[in-house]
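Examining the three-dimensional arrangement
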Amino acid sequence: MSLTERMAFYRVPAVSIALIANGRVEWARAYGLADVASGRPATTQTLFQAGSISKTLTAIGALRLVEQGKLSLDQDANRQLASWEIPQNDHTCAEAVTLRMLLNHSAGVTVHGFAGYAQGQPVPSLLQVLDGVTPANSEPVRVDTAPGSIWRYSGGGYEIVQLMVREASGQPFDRYMKAAVLDPLGMTQSTFAPLAAVQRNLAATAYHGDGNAVAGRWHNYPESAAASLWSTPSELAAVILEVQQAETGMSGKVLSRSIASSMLTRGLGQYGLGLFVDKVGDLTSFGHSGGTEGFRAQLYGYTRSGQGVVIMTNSDNGAALIDEILGSIAAEYAWPEFGVIEKAAIPGDPATNRQVAGTYQLLDKPAHIIAEDNRLFFQSDLFGAPRMELFPESKFMFFMTAQDMTLAFERDDHGAIVGFSLLRGGKTYSARKAR
């Protein structure tokens, strides 16, 4: 299958890729349309929202302040804040929140992510975001679990980091990040600030999974540390290269070997400081995904092998396409992960297909199982508008080839289908059959 065919299947208008091999950007290419209505093509200079990849750069910026003695990783965060403090409760009285915990998502802080604001909507200040005060559209950022006890992803925690960085640097967050991180890495087109007029002309339009453009072209994200970065794969590739080089002690643009080590050392969860990390043989993989309204992106690299990639798309369906691109890159460049998986399918059974067909609730969204004689299909807007064929590996266990997902249907004591478990990316999600 060609990339163009897979873009059409997922309704992803544009894909931009920068591939790292042998410790350098080997190639950068863009495909499709940055804006469908005008027919404007995507180029390697097209700007995309990076979403949560913002957190990786935020961690770099915060850790630079730690090295300068302006912030402490392990001191009570409230002792490093002046204009606002983390509200105290039984959890924080027993254990203080620290910058290390916030960067690792282990501070017990609420608010997973942010929905952004449509063009023309009032945009809250950082303190309004932290307290969930109008016009903020998110809940207050609070501690509801003992700090340091569990790993739980928290965009809200990174907004506390944003305030810490702003106060410690004495600069607006976007200006500090430009001077301390973006410019030294040569990321001259990237920005945490709202786009200027000339940059808007370079920006991709965001698209929903049904192919319709996001109203106003994109949402705005005042939650800068967590989600506001605009960039290109070519510029974000500089982050991968910097981590790789600093880990060996070869670089000094923004990362010391000590900072790189901190970022690549797991705390709780599969997470270091600003990066997901894992051991892959004698290498360490590191990366971060990103998603905002109508954009999906992935940054991924390995220490010591000089390999990596950044992929950015302008569709809510982009994550599934990114997974397929990673598989193709792995096959072409002999990566240690994302290899082809082979499974054996048994003949389809029309009776079983009729039994499992119906509507289910998956992550509070409808998921449809459609039977057509000896063929079975799955459709959920969580994974894109097109339906995907299910192939049986046993009577009630099915897999897909359009995406790497497996469904296991569950029965009650009377043999009736009551739901299914969906396995994707090492995680299992439960669905209940609608009555």
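As shown above, the structure is provided for reference.
A brief structural summary. (Residues numbered from 1 in each chain as written. Predicted model: local features only at pLDDT ≥ 70, side-chain atom pairs only at ≥ 80, totals over all residues. Heavy atoms only, no water.)

1. Looking at the overall build of the protein chain
- Scanning the protein chain for helices and strands turns up 13 helices and 17 strands.
- Taken against the 2.2 N^0.38 rule, which gives 22 Å for 435 residues, the C-alpha radius of gyration of the protein chain at 22 Å falls within 12% of a compact globule.
- Taking the principal axes of the C-alpha coordinates as reference, the protein chain spans close to 70 × 50 × 50 Å.
- For the protein chain, with 435 residues in total, the buried portion stands at 50%.
- By sequence separation, contacts in the protein chain at least 24 residues apart represent 60% of the contacts at least 6 residues apart.
- If you sum the accessible surface of the protein chain, you get close to 18500 Å²; carbon and sulfur atoms cover 50% of it.
- Charged side chains of the protein chain number 35 positive and 41 negative; the gap between the two group centres comes to 2 Å. (Helix = DSSP H or I, 4+ residues; strand = E, 2+ residues; numbered from the N terminus. Rg over C-alpha atoms; globule rule 2.2 N^0.38 Å. Buried < 20%, exposed > 50% of the residue type's maximum accessible area, 1.4 Å probe, protein only. Contact = heavy atoms within 4.5 Å. Areas by Shrake-Rupley, 256 points an atom, 1.4 Å probe, with all protein chains shown as cover. Lys, Arg positive; Asp, Glu negative; His and termini not counted. Charge placed at Lys NZ, Arg CZ, Asp CG, Glu CD.)

2. Here we look at the sheet that holds strand β3 (residues 40-41)
- The sheet built from seven strands is open, its strands ordered β3-β2-β1-β9-β8-β7-β6 with antiparallel pairing. Either end of the sheet is taken by a strand with one partner, and the two such strands are β3 and β6 (276-280).
- Sheet topology places strand β8 (residues 295-302) next to strand β9 (residues 308-313); six bridges connect them, and they run antiparallel. What sits directly across from Gln298, in β9, is Ile311.
- The strands touched by helix α12 (residues 318-333) within the sheet are β1 (14-21), β2 (24-35), β8 and β9, with β9 carrying the most contacts at an inclination of about 150°. (Pairing = 2+ DSSP bridges. Axes fitted to C-alpha atoms, helices over the stretch in contact; angles between N-to-C directions.)

3. Concerning the nonpolar core
- Within the largest apolar cluster, 86 residues are counted, with the highest numbers of intra-cluster contacts made by Leu57, Leu102, Leu103, Ile160 and Leu236.
- The dominant element in this core, judged by the number of residues it contributes, is helix α10 (residues 233-247), at eight residues.
- Those residues in contact with Leu236 that lie beyond four places of it in its chain are Ala50, Ile53, Leu57, Met187, Leu229, Ser231, Leu299, Val310 and Met312.
- Judged by nonpolar contacts, the second largest core, of 22 residues, contains Ala21, Ile311, Ala320 and Trp335. (Core = buried A, V, L, I, M, F, W, Y, C linked by side-chain atoms within 4.5 Å.)

4. Examining the packing of aromatic side chains
- Evaluation of the coordinates by the stated rule reveals 21 aromatic pairs.
- An angle of 75° between the planes, with centres 5.7 Å apart, marks the rings of Trp230 and Phe295 as edge-to-face. Here Phe295 lies in strand β8 and Trp230 lies in strand β5 (residues 230-231), a separation of 65 residues in the sequence. Residues Trp230 and Phe295 agree in their burial class; the two are buried. (Phe/Tyr/Trp six-rings, centres within 6.5 Å; stacked < 30°, edge-to-face > 60°.)

5. Concerning the packing of α10 against helix α11 (residues 257-264)
- Following both chains from N to C, one finds α10 and α11 inclined at 110°, their axes separated by 8 Å at the closest point. Here α11 runs roughly perpendicular to α10, going by the angle between their axes. Counting all contacts with α10, which are made through Val243, Ala246 and Glu247, the residues of α11 involved are Arg257, Ala260 and Leu264.
- Each residue belonging to the contact of α10 with α11 can be placed in one class, and the counts come to four nonpolar, no polar and two charged. (Parallel < 35°, antiparallel > 145°, perpendicular 65-115°, else oblique. Nonpolar A, V, L, I, M, F, W, Y, C, P; charged D, E, K, R; others polar.)

6. Here we look at unusual backbone geometry
- The linkage connecting Thr134 with the following residue, Pro135, adopts the cis geometry, with an omega of 15°.
- In this structure, Arg11 is a non-glycine residue whose phi angle is positive, near 60°.
- Within the secondary structure layout, Arg11 lies in the loop between α1 (3-10) and β1.
- A relative accessible area of 42% means that Arg11 is categorised as partly exposed.
- Positive phi outside glycine occurs at Asp364, with the angle close to 65°.

7. Section: the pattern of salt bridges
- Taken as a whole, this structure holds 12 salt bridges when the rule is applied.
- A salt bridge links Arg424 to Asp323, with the shortest nitrogen-to-oxygen separation between them at 3.0 Å. Here Arg424, found in strand β16 (residues 417-424), pairs with Asp323, found in helix α12; they are 101 residues apart in sequence, far enough to count as distant.
- Residue Arg424 is classed as partly exposed on the basis of its relative accessible area of 23%.
- Arg432 serves as the salt-bridge partner of Glu410, at 2.3 Å between the closest nitrogen and oxygen. Separated by 22 residues along the polypeptide, Glu410 in strand β15 (residues 405-411) and Arg432 in strand β17 (residues 427-433) bring together distant segments of the chain.
- By relative accessible area, Glu410 is classed as partly exposed at 24%. (Salt bridge = Lys/Arg side-chain N within 4 Å of Asp/Glu carboxyl O.)

8. With respect to the pairing of β2
- The pairing of β1 with β2 spans eight bridges and is classified as antiparallel. From the neighbouring strand, Ser16 faces β2, where its bridge partner is Ala30.
- Joining the antiparallel neighbours β1 and β2 is a turn of two residues, in which Asn22 adopts a positive phi near 55°.
- Here two bridges tie β2 to β3, and the two strands are oriented antiparallel to one another. Paired with Asp35 across the strands is Arg40, a residue of β3.
- Between β2 and β3, which pair antiparallel and follow one another directly, the connecting turn spans four residues, one of which, Gly39, has a positive phi of 75°.

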